[in-house]
Amino acid sequence: MATWTPGARLAGELSRPAGHAAANGLPSGRLPRVASTRRWRGRGVRCCAVGNSGSGGGAAAAVKPGEEFVGFFREAWPYIRGHRGSTFVVVISSEVMSGPHFDRVLQDISLLHGLGIKFVLVPGTHVQIDKLLSERGKKAKYVGQYRITDSDSLEAAMEAAGRIRLTIEAKLSPGPPMLNLRRHGVIGRWHGLVDNVASGNFLGAKRRGVVNGIDYGFTGEVKKVDVSRIRERLDSDSIVVVSNMGYSSSGEVLNCNTYEVATACALAMEADKLVCIVDGQIFDEHGRVIHFMSIEEADLLIRKRAKQSDIAASYVKVVDEEGINSLHKGDYKSSLNARAHVNGYAASFQNGLGFNNGNGIYSGEQGFAIGGEERLSRSNGYLSELAAAAYVCHGGVQRVHIIDGTVDGSLLLELFTRDGAGTMIARDVYEGTRIATAEDLSGIRKIIRPLEDSGVLVRRTDTELLEALNSFYVVERDGSIIACAALFPFPEEKSGEVAAIAVSEECRGRGQGDKLLDYVEKVALSLGLEKLFLLTTRTADWFVRRGFSECSIESIPEQRRKRINLSRGSKYYIKQLQPKHAGVTANNFIIR
C-alpha cells in the first residue's frame, strides 16, 4: 500500500518555504486535508464557497463576494452546531503570544466563545521570561524539557505571567466594532464588557526537586487541577485563563511547564479538544500541510524519532511504562487496559490527588512537558507538540489540533471547514479500522448475510469472500467485527470499485459507515486512484449524500463491465476523489 510521509516541519526550520528546506537537506512537504493553505496566508480569513478550491482564476474567480460568504456559512453551519457547548483547552505558544498575530488569535477566540464554545486558555511564557532575564543580565538555563528556575527566573516568571494575564483580560474586554452593529439596532447590549475572563489559583503544584543530581529550584510539577472551580467559571460564561504558575501546599509559587499544565488540564477536564496554537505548520516531504494524523500514525512517527529527540524519547518512556504502546501494535484488548489506566490518571487530577504514595503516577511526570533547548532550537520541528498531542489522545481527548497562529483566521478555518488549516490528530477517527484477515471471515459473513438475503448486496460464497479478503477493510470493536467494506482497484483506469459496505445492526446510525468510506477513499488515493465507482440497487441515496453521482455504464472500467449481472438492474454511481484527503498509513515516514 502506498503511504504518506510527514517530514519537513517535523524535521526542519520554523517557516521556510519548501524549496529552502530542500536546499538545507531537509524533507519538505504535506498530507491530507486541504489543497493548499497558502491561499490564506497574509490575506485574512478568505473562506471559499463549498465546492470551490484554489485561489486562481476559472470558476472560483468568478464567484461573487456574496455567494462566497453564503457558501462559507453553509459549510460552517454543521460545525457551528457541533462545537456549541464543547470545552476546548487552548495552549498559545509564547512565540505567538509575543508576536504581532496575538490580537487576532484572541479576537477569534472571542468570536468562538460567542458561538457557545467554552475555553480554557493556557498561555506560554518562556519567550517573555527569557527576555526579562536578558534585560537584567541573567541567562536562562534549561535541562531537558524543563527550565531551572532560580530566584531571578522565578521573579521574571511571575512578572511575565502577570503581564500576560492582564493583557489577555484587556484584549478580551472590548466588543465588536459599534459601526458593524448600529444598522442592526443591537448596540445597547454591547455597552458592558463582552467576555468575562476568570483566573485564579486553579493549579496545585509541587517542586520538581533534585533529578539526576540537578536542582530545578522553583520549577514545579502539576499536582492538582481544580476542575470543579474551572467548570463553575465556564458554566457562568467566562473564558478561563490557567497560568503556568502553580501553588504548592506550603504556600510557594512555582514555575510549571506550560505544556505540562495544558495537557494535565485537557485530561482532567476531559476536554473535547486540545488546541495548540504555534508559530508554524507541519509539512510533508512535498511542502504541503499535513492536515490529518491518526493517533497510531503520530505514535509511530514519534517512535521513529525517539533516538534523535529527548522529548520523543520521553514520550515513548511514559507511554511504554504503562503499556500504552499496545495501541500502535493493534492489540485492542491490551489497549483497553492501557486507556483505562490513563483515564484513571486523568481522574486522579479531577479528584485532586495527582500522586500515588507520593511517587507520582508516571514516574514523577504530571501531564506531558515539552520545552528546553530542543524546542527552542526547533531542531525537531514540531515533533514536541506532536508528542503532547499523542499523549493526550492516549488519555482520552478525542481531537488535538496544531494550528499556525501566524496565519490569520487559521483557528476559524480549522474548526469550520472540513479540511481545516492545521494538523489534526484524532484518537477515534479510524480506531479499530484495518485490513481484513482470514480470521475475520465469520464476522464479515455475519454482517453482510442479512443484506444479501434482502438483495441489497450480491450473494458471495465463503470461497469468493476468501479470495477477495485482501481487498476488505474492517472495523473491530471489543474483538468483534462491526463494519466492513471492500475496495477493488483498477489501476489502469485510475479508478476503484467500492463494494460490500455494511455495518452491524446494533452499530448503525453512529457514523461507522462514514468512517469506513472515508478510510477507503484515503486508501484509494494512496494507491494513486482518482475516482471511485459502485453498483447499487437499494442504497443510492446514502451514497449521493456522500458525493457520488449517477453515471452511465460506460463510466465503469471495461474489465468490470464484462462481469456485471445486468439482470439485477443496478444503478451506477461515481465520485471524483480529492487529493487533499490522501494519506492513511505511516509506514514510510521520512526521518532525518
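Looking at an unreviewed UniProt entry, one finds the chain named amino-acid N-acetyltransferase and attributed to Urochloa decumbens. One UniProt comment on the chain, placed under Pathway (unreviewed entry), says "Amino-acid biosynthesis; L-arginine biosynthesis; N(2)-acetyl-L-ornithine from L-glutamate: step 1/4." The UniProt entry for the chain carries the following text under Sequence similarities (unreviewed entry): "Belongs to the acetyltransferase family. ArgA subfamily."

Caption draft 1: Local environment of the packing of helix 11 (residues 258-269) against helix 16 (residues 383-394). Between helix 11 and helix 16, the shortest axis-to-axis distance is 10 Å and the interhelical angle comes to 20 degrees. By the angle class used here, helix 11 and helix 16 are roughly parallel. As for the relative orientation of helix 11 and helix 16, their crossing is right-handed in sense. The segment helix 11 lies against helix 16, with Tyr-259, Thr-263 and Leu-267 engaging Glu-385, Ala-388, Tyr-391 and Val-392. Residues that form the contact of helix 11 with helix 16 fall into these classes: five nonpolar, one polar and one charged.

Caption draft 2: Spatial organisation of the environment of Pro-100. Structurally, the position occupied by Pro-100 is in the loop between helix 5 (94-97) and helix 6 (102-114). Put simply, Pro-100 and Gly-405 are 305 residues apart on the chain and 10.0 Å apart in space, counted from C-alpha to C-alpha.

Caption draft 3: Seen up close, the packing of aromatic side chains. Applying the stated criterion across every chain yields a total of 10 aromatic pairs. Summarising the aromatic geometry, the rings of Phe-72 and Phe-73 are spaced 5.9 Å apart at their centres and angled 85 degrees between planes, so their arrangement reads as edge-to-face. Of the residues examined, Phe-73 reaches a relative accessible area of 44% and is grouped as partly exposed. Cluster of aromatic residues (ring-pair linked, three or more members): Phe-69, Phe-72 and Phe-73. A cation over a ring is seen here: Arg-208 above Tyr-146, with NZ or CZ 3.9 Å from the ring centre. For the cation-ring pair, Lys-522 lies above Phe-292, with the distance from its terminal atom to the ring centre recorded as 6.0 Å.

Caption draft 4: Local environment of helix 11. With 12 residues, helix 11 should cover 16 Å at 1.5 Å per step; its first-to-last C-alpha distance of 16 Å lies within 8% of that length. Of all 12 residues that make up helix 11, 12 are buried, and the element is covered over most of its length. When helix 11 is considered as a whole, its buried residues turn out to be Thr-258, Tyr-259, Glu-260, Val-261, Ala-262, Thr-263, Ala-264, Cys-265, Ala-266, Leu-267, Ala-268 and Met-269. The N-capping residue of helix 11, defined by a side-chain oxygen 3.0 Å from the backbone nitrogen of Tyr-259, is Asn-257.

Caption draft 5: Molecular detail of the sheet that holds strand 10 (residues 238-241). If you trace the eight strands from one edge of the open sheet to the other, you get 5-10-2-1-13-15-16-14, paired in mixed fashion. The open sheet has two edge strands with one neighbour each: strand 5 (196-199) and strand 14 (292-294). Strand-to-strand twist across the sheet, computed as the mean angle between neighbouring axes with direction ignored, equals 20 degrees. Of the pairings in the sheet, the one linking strand 13 (residues 273-278) to strand 15 (residues 399-404) comprises six bridges and is parallel in character. Following the sheet pairing, Lys-273 is matched in strand 15 by Arg-399.

Caption draft 6: Representation of the nonpolar core. The biggest cluster of nonpolar side chains holds 59 residues, and the ones touching the most others in it are Val-225, Ile-230, Val-242, Leu-274, Tyr-315 and Leu-386. Aside from chain neighbours lying at most four places away, what touches Leu-274 is Val-89, Val-91, Ala-262, Thr-263, Ala-266, Val-392, Val-397, Arg-399, Val-400 and His-401. Listed in part, the 30 residues of the second largest apolar core include Val-475, Ala-485, Leu-517 and Leu-534.

Caption draft 7: Structural view of the environment of Asp-235. Considering the arrangement of structural elements, one finds Asp-235 in helix 10 (residues 227-235). A residue is classified by how much of its surface remains accessible, and Asp-235, at 59% relative accessible area, is exposed.

Caption draft 8: Broad picture of a nonpolar patch on the surface. On the surface, a cluster of nonpolar side chains totalling about 290 Å² of accessible area is made up of Phe-69, Val-70 and Phe-73. Within the fold, Val-70 resides in helix 4 (residues 65-83). According to the relative accessible area criterion, Val-70 is partly exposed, its value standing at 34%.

Caption draft 9: Up close: the environment of Val-397. Mapped onto the secondary structure, Val-397 falls in the loop between helix 16 and strand 15. With 134 residues separating them along the chain, Val-397 and Thr-263 place their C-alpha atoms 9.7 Å apart. Here Val-397 is in contact with Ala-266, Ala-271, Asp-272, Lys-273, Leu-274, Val-392 and Arg-427, once residues within four sequence places are set aside.

Caption draft 10: Structural detail: helix 4. With 19 residues, helix 4 extends 26 Å between its outermost C-alpha atoms, agreeing within 8% with the 27 Å of an ideal straight helix rising 1.5 Å per residue. Residue Ala-76 marks the point of greatest curvature in helix 4, where the axis turns by about 40 degrees; the proline Pro-78 follows within four residues. Inspection of helix 4 places Gly-71, Phe-72, Ala-76, Ile-80 and His-83 among the buried residues, and these make up the whole buried set. In the core, the buried residues of helix 4 are packed alongside strand 1 (87-92), strand 13 and helix 17 (410-416). Positive backbone phi, approximately 85 degrees, marks Gly-85, located one or two places after helix 4.

Rules and cut-offs
- Residues numbered from 1 in each chain as written.
- Predicted model: local features only at pLDDT ≥ 70, side-chain atom pairs only at ≥ 80, totals over all residues.
- Heavy atoms only, no water.
- UniProt positions renumbered as here; feature names shortened; annotations may be inferred.
- Axes fitted to C-alpha atoms, helices over the stretch in contact; angles between N-to-C directions.
- Helix = DSSP H or I, 4+ residues; strand = E, 2+ residues; numbered from the N terminus.
- Parallel < 35°, antiparallel > 145°, perpendicular 65-115°, else oblique.
- Left-handed = near helix turned anticlockwise from the far one by under 90°.
- Contact = heavy atoms within 4.5 Å.
- Nonpolar A, V, L, I, M, F, W, Y, C, P; charged D, E, K, R; others polar.
- Phe/Tyr/Trp six-rings, centres within 6.5 Å; stacked < 30°, edge-to-face > 60°.
- Buried < 20%, exposed > 50% of the residue type's maximum accessible area, 1.4 Å probe, protein only.
- Lys NZ or Arg CZ within 6 Å of the ring centre and 35° of its normal.
- Expected span 1.5 Å × (residues − 1).
- Polar contact = N/O pair within 3.5 Å; in protein donor to acceptor, adjacent residues only side chain to side chain.
- Pairing = 2+ DSSP bridges.
- Core = buried A, V, L, I, M, F, W, Y, C linked by side-chain atoms within 4.5 Å.
- Patch = residues over 30% accessible without salt bridge, like charges linked within 9 Å, V, L, I, M, F, W, Y side chains within 5 Å.
- Areas by Shrake-Rupley, 256 points an atom, 1.4 Å probe, with all protein chains shown as cover.
- Salt bridge = Lys/Arg side-chain N within 4 Å of Asp/Glu carboxyl O.
- Bend = angle between axes of the 7 residues up to and from the residue.

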